[in-house]
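Chain by chain, the residues run as shown.
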Amino acid sequence: MYYQGILKKMRTRDDSPVTYELPVGDFLVPLNDYIGQPVRLHYTGRIYCLNCGAKTSKSFSQGFCYKCFRNSASADMCIMKPETCHFHLGTCREPEWALTHCFQPHVVYLANSSGLKVGITRGTQVPTRWLDQGARQALPIMAVKTRLQAGLAEVIFANHISDKTAWQRLLKEEAPDLDLMLLRDELLILCADELAELQARYPGELQLLSEEPQREFCYPVQQYPVKVKAFNLDNAPDVSGKLMGIKGQYLILDTGVINIRKYGGYEIEFGEQPHD
């Protein structure tokens, strides 16, 4: 059976291994059922904005038309760099959107995806954010009231550890186990003075989390590639191969990998590849 429709990022469920569903238009394709099977993904050449639904010749910021990319708060630079929030200056593109997304409780966390990193997410996105990143382990280390506060804390921690995931390493192997609670304690000592200043700036709004348990995740991967070759739908609209696994927002085929989130808004066909 082939499914056709507009592509969105994969939905995840915290099972062991993680369960994935691929939104294709109105369909939710149970991807775990296809692991070990030959599959085909075909891009029709049409793209639709995930924000307004308009047809567009190019996708910006993983799913926006140019107009929404320029005007939508969810595509603003402060989403990528929350420490640059400019709401207080009265220049937010969509103040009402900000109130429901940015002025909500956030979590600062440590994760082990391709190695140790620090990140932030809304409290309602735990553990979805970790699964989207392909984290093998994760540990919340601070709870804050707003996205700006989370971004300021992340900057402090990022002076000592990475805030990026090495996606090629993520897809080549399982990250070695880390003692995130021990690393958290060491990091808090290194950042004690700067964190104290931040807590004084926002009294009572930043809480260190010392009792949170470390979380562990496993992904439905039969085999990792020796070399990571990424498909590009804009250059080659047909992707086919045996689906060897799923991790983060990546499909791992025996012929290459594809970042599903990158192609949000693309109209695609997906299904099992007929055997020769």
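It should be noted that the structure appears before, not after, this text.
Residue numbers restart at each chain and count upward from 1, following the sequence in its written direction. Only residues with pLDDT of at least 70 get local features here, since the model is predicted, and only at 80 or more are side-chain atom pairs given and counted; chain-wide, interface and lining totals rely on the full set of residues. Only heavy atoms go into the side-chain values, all of them from the structure, while hydrogens and water stay out.

### A word on the environment of Gly-36
Here's step 1: Looking at the secondary structure, you find Gly-36 in the loop between β4 (27–30) and β5 (38–48).
Here's step 2: You can call Gly-36 partly exposed: its relative accessible area is 21%.
Here's step 3: As a C-alpha pair, Gly-36 and Gly-25 span 11 residues in sequence and 24 Å in three-dimensional space.
Here's step 4: Contact between two residues is taken to exist if any of their heavy atoms lie within 4.5 Å; hydrogens are not considered. What Gly-36 contacts, discounting residues up to four positions off in sequence, is Gln-222, Lys-242 and Leu-243. Strands are runs of DSSP state E lasting at least 2 residues, helices are runs of H or I lasting at least 4, and numbering of each runs from the N terminus. Throughout this description, buried means an accessible area under 20% of the type-specific maximum (1.4 Å probe, protein chains only), exposed means over 50%, and partly exposed covers the range between.

### Examining the pairing of strand β3 (residues 19–24)
Here's step 1: Of all six residues making up β3, five are buried, and the element is well covered by its neighbours.
Here's step 2: Direction of pairing for strand β2 (residues 11–13) relative to β3: antiparallel, over a ladder of three bridges. Residue pairing in the sheet places Thr-12 in a bridge with Tyr-20 of β3.
Here's step 3: Think of it this way: DSSP has to see at least two bridges between two strands before they count as a pair. A loop of five residues connects β2 with β3, the two strands running antiparallel in sequence.
Here's step 4: Here β3 pairs with β4 via four bridges, running antiparallel. Its bridge partner lying in β4, Pro-23 is registered against Leu-28.
Here's step 5: Here β3 folds back onto β4, and the loop between the two strands holds two residues, one of which, Gly-25, carries a positive phi near 60°.

### Points about the packing of aromatic side chains
Here's step 1: Here the aromatic set is Phe, Tyr and Trp, taking the six-membered ring for Trp, and pairing holds for ring centres within 6.5 Å; pairs whose planes are under 30 degrees apart are stacked, those over 60 apart are edge-to-face, and all others are tilted. Scanning the entire structure with this criterion turns up 11 aromatic pairs.
Here's step 2: Taking 6.1 Å as the distance between ring centres and 50° as the angle between the ring planes, the aromatic pair formed by Trp-130 and Phe-217 counts as tilted. With Trp-130 in helix α4 (residues 128–132) and Phe-217 in the loop between β11 (215–216) and β12 (238–247), this pair connects stretches of sequence that are 87 residues apart. A single burial state applies to Trp-130 and to Phe-217, both of which are buried.
Here's step 3: Between Tyr-263 and Tyr-266, the aromatic rings sit 5.0 Å apart at their centres with planes inclined by 80°, giving edge-to-face as the arrangement.
Here's step 4: Among the aromatic residues, those joined into a cluster by ring pairs are Tyr-43, Tyr-263 and Tyr-266.

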